[in-house]
Amino acid sequence: MKITFINPPQTNSKYKFLGVVAPSLGIGYMAAVLEKNGYDVDVIDASALELTYDEIGEEILKRDPDIVSISALTPTIGVALDSADKIKQVKPDTVVVLGGYHPTFEYKSVLEEESVDVVVRGEGEYTLLELVQTIEKHGDLKTVQGLAFHDENDGSLVLTPDRPVVQDLDELPFPAFHLFPMEKYRILNITTNVATIITTRGCPMQCSFCSSAALHGNKLRRRSYSNVVDEIQMRLLEENIDTIAFMDDTFTLNKRFVYDFCREIKRRNLKFWWGCTSRVDTLDEELLQTMKDAGCITIFIGVESADQQTLDKMNKNITVAKTENAFKLARKVGIRTIASCVIGMPEDTRSSIQRTIDYVKKLNPNYALYSLATPYPGTRFYNETFKKNLISITDWSKYTLLNPVLETVDCTSKELRSIQKKAFLKFYLRPTYLIRQVSQDGFVLLKTILSVSKTILKKQTNGNTDYNKTNVNKGK
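Small disclaimer: the values here were computed from a predicted structure and weren't measured. (Residues numbered from 1 in each chain as written. Predicted model: local features only at pLDDT ≥ 70, side-chain atom pairs only at ≥ 80, totals over all residues. Heavy atoms only, no water.)

*Asks:* Just checking my understanding: could you explain the overall build of the protein chain for this structure?
*Replies:* Scanning the protein chain for helices and strands turns up 20 helices and 17 strands. Whereas a compact globule of 476 residues would reach a radius of gyration of roughly 23 Å, the protein chain reaches 22 Å, a difference of no more than 12%. On the principal axes, the C-alpha backbone points of the protein chain span a range of 65 × 55 × 40 Å. With 476 residues in all, the protein chain has 60% of them scored as buried. In the protein chain, 73% of the contacts between residues at least 6 apart in sequence involve partners at least 24 apart. (Helix = DSSP H or I, 4+ residues; strand = E, 2+ residues; numbered from the N terminus. Rg over C-alpha atoms; globule rule 2.2 N^0.38 Å. Buried < 20%, exposed > 50% of the residue type's maximum accessible area, 1.4 Å probe, protein only. Contact = heavy atoms within 4.5 Å.)

In structure tokens:
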């Protein structure tokens, strides 16, 4: 059998916002597992290639797959379903499978779309493999763990038992990035040979808004540092990669791992640039210096809020003082920082939002993200806001962190969007900021600033709006 993976068109992701377009890890791992088991696999990254739906249809006719697997996040579920519709139009007998964060938690509403045959819930590597094997043998899908679909006899919803998560991450083959258009990926709008790598799954921190822990669980599972460095070495030698983006929720959660990892990189004399995510309570000067010496150039840090009560309600378990210290240390060592904060939580006021905006400036990061509070399905935050009837927007394509879907005690959705626009523009258009960053990053920064400004000022586009407006709450 032949299986084609599709990463659907994306225009509003928080990564594209900063000029970051990178290969999908989830698709990479699933494709690698299928290849390892002898299947013919390819990938259509419609986001990186900027394909239209007609072009996706043409690619499907050209490749002629038996099964198409589409990955979807909440803001991309509409375009994922539009892609599924196009596949069924051009090749009706194709089995269309949807997986990813949104289908995992909203499988009921997703399966109401006629173009979707099966939903893979949770971690997809072995669920999809067993699904393909079962279809190939004309077996019973009810025997495959981790699926949702409609019974072909009576149309009833079938939910098979949850599949246990992968415990030994070292057993997974490295993501099949040779199937991706690697020349199309970029960071800060600079085309570069970038690969995404993840060293952990699961997160014990339990932040209320995090969908990653909801999908992968609260128990941290970690690859060995030698396995991670083996993958890096392979990518440097065989794929000419020069930049690595670590996509862990918190790369620095285990300091011993980071020290071992950095030491192994230097022992093997591997030269590349890399960036990662972190929490302020996991950083100290020695660790940051060790990371920089091993090639780390950027850290993405969740600041979230300048209000301690808000941080506590998010279950963030950090303090404002620790945040200030982390940014101070990163500047001292010379690692770029991206400060990410959340504005528009239900309890936020104009004054508390302004304090957070001012606070981010005070931290003096190299880049800043002012995300609007967005409750994603599967999270505690979503469940709480759904029960309290606080969700004012019922269009999934608006769940991009750049569109307000909630209102606060004294801010309307329209006001929140205006506040966010001003926060971005005032941060990035400061003369002192521009002079500092151009001296550090060169004039490519101006291209990034232009991209940021265009994204902030433009009206957000929708995908499959009929689905978004009518089905946003049907999964509950």
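*Asks:* Please clarify how the sheet that holds strand β2 (residues 40-45) should be interpreted in this entry.
*Replies:* Remark on secondary structure: sheet strands pair via backbone hydrogen bonds, oriented parallel or antiparallel. Pairing is mixed in the open sheet, where seven strands are placed in the order β2-β1-β3-β4-β5-β6-β7. In this open sheet, the two strands that pair with only one neighbour each are β2 and β7 (157-159). Ignoring which end each strand starts from, the neighbouring axes of this sheet average 20 degrees apart. Pairing analysis gives six bridges linking strand β1 (residues 2-7) to β2, with the strands arranged parallel. Within β2, the residue paired with Lys2 across the bridge is Asp40. Taken strand by strand, helix α2 (residues 25-36) contacts β1, β2 and β3 (67-71), and its axis lies near 175 degrees from that of β1. Where helix α8 (residues 125-136) meets the sheet, its contacts fall on β1, β3, β4 (95-99), β5 (118-120) and β6 (147-150), and the angle it forms with β5 comes to roughly 150 degrees. (Pairing = 2+ DSSP bridges. Axes fitted to C-alpha atoms, helices over the stretch in contact; angles between N-to-C directions.)

*Asks:* Any chance you could explain the sheet that holds strand β16 (residues 336-343) here in plain terms?
*Replies:* Strand order in this open sheet of six strands is β10-β13-β14-β15-β16-β17, and the pairing throughout is parallel. The sheet is open, and its two edges are formed by β10 (194-197) and β17 (367-372), each paired on a single side. Sheet twist, expressed as the average angle between the axes of neighbouring strands with direction ignored, equals 20 degrees. Relative to strand β15 (residues 296-304), strand β14 (residues 273-278) runs parallel, the two being bridged by five bridges. Residue pairing for β15: Cys276 is matched across the bridge by Ile299.

*Asks:* Help me understand the nonpolar core, please; the structure alone is not making it clear to me.
*Replies:* What tends to happen in soluble globular proteins is that the nonpolar side chains get buried as a cluster. Counting residues in each nonpolar core, the largest one holds 103 residues, and the members touching the most others are Phe5, Phe246, Phe261, Trp274 and Tyr370. Among the elements that take part in this core, α2 stands out by supplying eight residues, more than any other. Residues contacting Phe246, with those up to four places away along its chain left out, are Ile197, Thr199, Val228, Ile232, Phe251, Phe261, Trp274, Gly275, Cys276 and Thr277. Counting residues in each nonpolar core, the second largest holds 35 residues, with Ala72, Ala148, Met314 and Leu401 among its members. (Core = buried A, V, L, I, M, F, W, Y, C linked by side-chain atoms within 4.5 Å.)

*Asks:* Can you walk me through the pairing of β17 in this structure?
*Replies:* Residues in a regular strand project their side chains so that they alternate between the two faces of the sheet. Among the six residues in β17, six count as buried, and that is most of the element. Residues of β17 alternate between two faces, with Tyr367, Leu369 and Ser371 on one and Ala368, Tyr370 and Leu372 on the opposite face, all of them buried. Sheet topology places β16 next to β17; six bridges connect them, and they run parallel. Residue pairing for β17: Ser340 is matched across the bridge by Leu369. For the handedness criterion, the β-α-β arrangement of β16, helix α15 (residues 350-363) and β17 is classed as right-handed. (Right-handed = clockwise from strand over helix to strand, strands pointing away.)

*Asks:* Explain the state of the cysteines here, please?
*Replies:* When the sulfur atoms of two cysteines share a covalent bond, that bond is a disulfide. With the rule as written, the count across this model stands at zero disulfides. Free cysteine Cys207: the closest other cysteine sulfur is in Cys203, separated by 6.4 Å. Under the relative-accessibility criterion, Cys207 is labelled buried at 15%. (Disulfide = S-S within 2.5 Å.)

*Asks:* Would you take a moment to explain the environment of Gln89 for this structure?
*Replies:* Considering the arrangement of structural elements, one finds Gln89 in helix α5 (residues 77-90). Assessed through its relative accessible area of 56%, Gln89 is described here as exposed. Placed 138 residues apart in sequence, Gln89 and Asn227 show a C-alpha to C-alpha distance of 43 Å.

*Asks:* How do you make sense of the environment of Ser397 when you look at a structure like this?
*Replies:* In this structure, Ser397 sits in the loop between α16 (380-387) and α17 (413-428). The buried category is assigned to Ser397, whose relative accessible area is 6%. For the pair formed by Ser397 and Arg268, sequence separation is 129 residues and the distance between their alpha carbons is 45 Å. For Ser397, the side chain forms a polar contact with the side chain of Asp395, separated by 2.7 Å. (Polar contact = N/O pair within 3.5 Å; in protein donor to acceptor, adjacent residues only side chain to side chain.)

*Asks:* Would you mind showing me how to read helix α18 (residues 431-441) here?
*Replies:* An α-helix turns once per 3.6 residues; consequently, residues spaced three or four apart project the same way. What α18 keeps buried is the set Tyr433, Gln437, Val438 and Asp441. Seen end-on, α18 carries its buried residues on one side only, within an arc spanning 120 degrees. In α18, the exposed positions that point more than 90 degrees away from the buried face belong to Pro431, Thr432, Ile435 and Ser439. Positive phi shows up at Gly442, right after α18, with a value of about 80 degrees. (Arc of directions from axis to C-beta.)

*Asks:* So what exactly am I meant to see when it comes to the packing of aromatic side chains here?
*Replies:* Counted according to the given criterion, the structure contains 18 aromatic pairs. Each ring, one from Phe246 and one from Trp274, has its centre 5.5 Å from the other, and the planes form 90 degrees; the classification is edge-to-face. Of this pair, Phe246 sits in strand β13 (residues 243-246) while Trp274 sits in strand β14, and the two are 28 residues apart along the sequence. With relative accessibility at 2%, the residue Phe246 sits in the buried group. Given a relative accessible area of 0%, Trp274 falls into the buried group. Between Tyr382 and Trp396, the aromatic rings sit 6.3 Å apart at their centres with planes inclined by 35 degrees, giving tilted as the arrangement. (Phe/Tyr/Trp six-rings, centres within 6.5 Å; stacked < 30°, edge-to-face > 60°.)

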